[in-house]
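# Descriptive analysis of the structure
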Amino acid sequence: IELWSASSFGERLGRNHPLYSGRLRYWFDATRLTPEWFAAKFEAQRRNLGERYTPESHVDLPIQKVLQSIARDSQLLEKPRQWSAKITSTLDDVTRSLRFCKKEAVGDALRAAVAPLTDLLDVLPVGPDTPVPTDLWLNATASAEHGVREALGVCEGMEGSDRSVVLSDLYRLYSAVDQVRSALAEKAWQLVNQHVLVVTGPAGIGKSHLLGDFAARQVSQEMPCILVLTGTMIEGDPWEQIRTQLDLAALSTEDFLGALDAAADAAGCRAVIGIDALNERYGIQLWASRLPAFLATIERFPRVAVAMTVRSTYTRCFP
């Protein structure tokens, strides 16, 4: 047990860095970024969306999983342990079958090839500020698949009634390992370490509904999320306008982001700032020259991510 005295807390909270001053704001300021606060701010923006957000017409789309991945959704991050459990169970079946057929050496080699993958997957989910080791998983998956193929090559030459049982177990194991490779090829896992997502598409395809639906899901599960509508903004400093809309004009941008980072830390996920329709109304004048600096400001806060939508025909207007 490491004791943190009152002076230790005071020293940390008094450091001249927004990650610390933001925590001071989050835990001790009069304005707390509570789940109720996020829900109230989303409700105001939901009304501004009007007919562009219709919850009753919701349809699950793959892009929702991508949004959940940049938010470091806990359900997504539990998947690797589920993959590991399935592979381990199937591997146990295979090695039992091989032992019964006096093929212990094949079983030992197979377990040695697959064990590194299950060991990597069967760990507690990483935190919202820690990179997910997808490259390590992919390399271990390739080695595991190679090991299964080698075992198949040996066992396909077997004779007797046990051959079909062993081969069936091996194919099930290959399928369980291949599920990892297939999942890691999906956008949700390819982008899980990114902090910025841009969703493009033609007018009327449902980009605003998508972002609104995602924000509704986040706040309903008490995960911090802020929805920003470009159509409610004018040409000018975006951070000042966002803080004003959130009734946080008295905070500095860094203290606001520090508090948002602290809220994400408390919730065990990332806080997502959703910016809808970069091209809408004064969007070109507002964002074209300011977007790089806007995103650079957020980079200092590891538990904050940004999801933006823009009409396809305007994507070249933004750097």
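Please read these numbers as outputs of a predicted model, since none were measured by experiment. (Residues numbered from 1 in each chain as written. Predicted model: local features only at pLDDT ≥ 70, side-chain atom pairs only at ≥ 80, totals over all residues. Heavy atoms only, no water.)

### Some details on the overall build of the protein chain
Stated formally: Only runs of H or I of at least four residues qualify as helices and only runs of E of at least two qualify as strands under DSSP, and these elements are numbered from the N terminus. Buried residues are those whose accessible area, probed at 1.4 Å on protein chains only, stays under 20% of the maximum for their type, while exposed residues exceed 50% and partly exposed ones sit between those limits. Any two residues whose heavy atoms approach within 4.5 Å are treated as being in contact. Note that accessible areas follow from Shrake-Rupley with a 1.4 Å probe, and for residues the cover is restricted to the protein chains shown.
Each helix and strand in the protein chain was counted, giving 15 helices and 4 strands. Along the three orthogonal principal directions, the C-alpha set of the protein chain runs to about 80 × 55 × 35 Å. Out of the 319 residues belonging to the protein chain, those deemed buried represent 45%. Considering only residue pairs separated by 6 or more positions, the protein chain has 80% of its internal contacts joining residues 24 or more positions apart. As displayed, the protein chain offers around 15,900 Å² of accessible surface, 53% of which is attributable to carbon and sulfur atoms.

### Description of the pattern of salt bridges
Rules: Basic side-chain nitrogens of Lys or Arg form a salt bridge, by our definition, when they fall within 4 Å of a carboxyl oxygen of Asp or Glu.
The final tally for this structure, using the stated rule, is 16 salt bridges. Between Glu-43 and Arg-46 there is a salt bridge, and its shortest N-O distance comes to 2.6 Å. In this pair, Glu-43 and Arg-46 both sit in helix α3 (residues 35-49), 3 residues apart, roughly one turn of the helix. Of the residues examined, Arg-46 reaches a relative accessible area of 27% and is grouped as partly exposed. With a closest N to O distance of 2.7 Å, Arg-303 and Asp-261 form a salt bridge. Of this pair, Arg-303 sits in the loop between α15 (291-298) and β4 (304-311) while Asp-261 is found in helix α13 (residues 253-267), placing the two residues 42 residues apart along the sequence. Judged by its relative accessible area of 12%, Arg-303 falls in the buried class. Connected via shared salt-bridge partners are Asp-93, Arg-96, Asp-169 and Arg-172.

### Focus: the sheet that holds strand β2 (residues 225-229)
Note on sheets: strands pair through backbone hydrogen bonds, and any given pair is parallel or antiparallel. In plain terms, the rule: For two strands to be treated as a pair, DSSP must find no fewer than two bridges joining them. To obtain an axis, a line is fitted to C-alpha atoms, over the contacting stretch when the element is a helix, and the angle between two such axes runs from 0 to 180 degrees between their N-to-C directions.
The sheet built from 4 strands is open, its strands ordered β1-β4-β3-β2 with parallel pairing. Since the sheet does not close on itself, it has two edges, and those belong to β1 (196-201) and β2, each with one partner. Averaged over all pairs of adjacent strands, the angle between strand axes in this sheet comes to 15°, irrespective of strand direction. Relative to β4, strand β3 (residues 271-276) runs parallel, the two sharing 5 bridges. Across the sheet, residue Ile-273 finds its bridge partner in β4, namely Val-306.

### Concerning unusual backbone geometry
The phi dihedral of Arg-72 is positive, around 55°, even though this residue is not glycine. Within the secondary structure, Arg-72 is located in the loop between α4 (62-70) and α5 (74-77). Residue classification places Arg-72 among the buried positions, given a relative accessible area of 2%.

### Some thoughts on the nonpolar core
Heads up, the rule is: In these notes, a set of buried Ala, Val, Leu, Ile, Met, Phe, Trp, Tyr and Cys residues joined through side-chain atoms within 4.5 Å is what counts as a nonpolar core.
Core analysis: the biggest nonpolar cluster contains 54 residues, and Phe-256, Leu-260, Ile-273, Ile-275, Trp-287 and Phe-294 have the highest contact counts within it. Not counting chain neighbours up to four residues away, the residues in contact with Ile-273 comprise Ile-226, Val-228, Trp-239, Leu-257, Leu-260, Ile-298, Val-304, Ala-305, Val-306 and Ala-307. Within the second largest apolar cluster, 33 residues are counted, among which are Cys-101, Val-114, Cys-155 and Val-192.

### So, the side chain of Ser-208
Here Ser-208 is to be found in helix α11 (residues 207-220). Using a relative accessible area of 11% as the deciding quantity, one classes Ser-208 as buried. Excluding its chain neighbours within four sequence positions, the residues that come into contact with Ser-208 are Leu-49, Arg-52 and Asp-276.

### Remarks on the packing of aromatic side chains
Put simply, the rule reads: Aromatic pairing here means that ring centres of Phe, Tyr or Trp (its six-membered ring) are within 6.5 Å. Orientation follows from the plane angle: under 30 degrees is stacked, over 60 is edge-to-face, and everything else is tilted.
Using the criterion set out here, one finds 7 aromatic pairs in the structure. For the ring pair Trp-83 and Trp-137, a centre distance of 6.5 Å and an interplane angle of 85° mean the geometry is edge-to-face. Of this pair, Trp-83 sits in helix α6 (residues 79-100) while Trp-137 sits in helix α8 (residues 134-155), and the two are 54 residues apart along the sequence. In this structure, Trp-83 and Trp-137 share a single accessibility class: buried. Measuring from ring centre to ring centre gives 6.4 Å for Trp-239 and Phe-256, while their planes differ by 65°; the resulting arrangement is edge-to-face.

### Examining the confidence of the model for the protein chain
Stated precisely, the cut-off is as follows: Confidence scores labelled pLDDT are given residue by residue by the predictor and lie between 0 and 100.
Looking at the protein chain as a whole, the pLDDT averages 90, with 90% of positions reaching at least 70. Across the protein chain, element-level confidence peaks in β3 with a mean pLDDT of 98 and bottoms out in helix α1 (residues 6-13) with 56.

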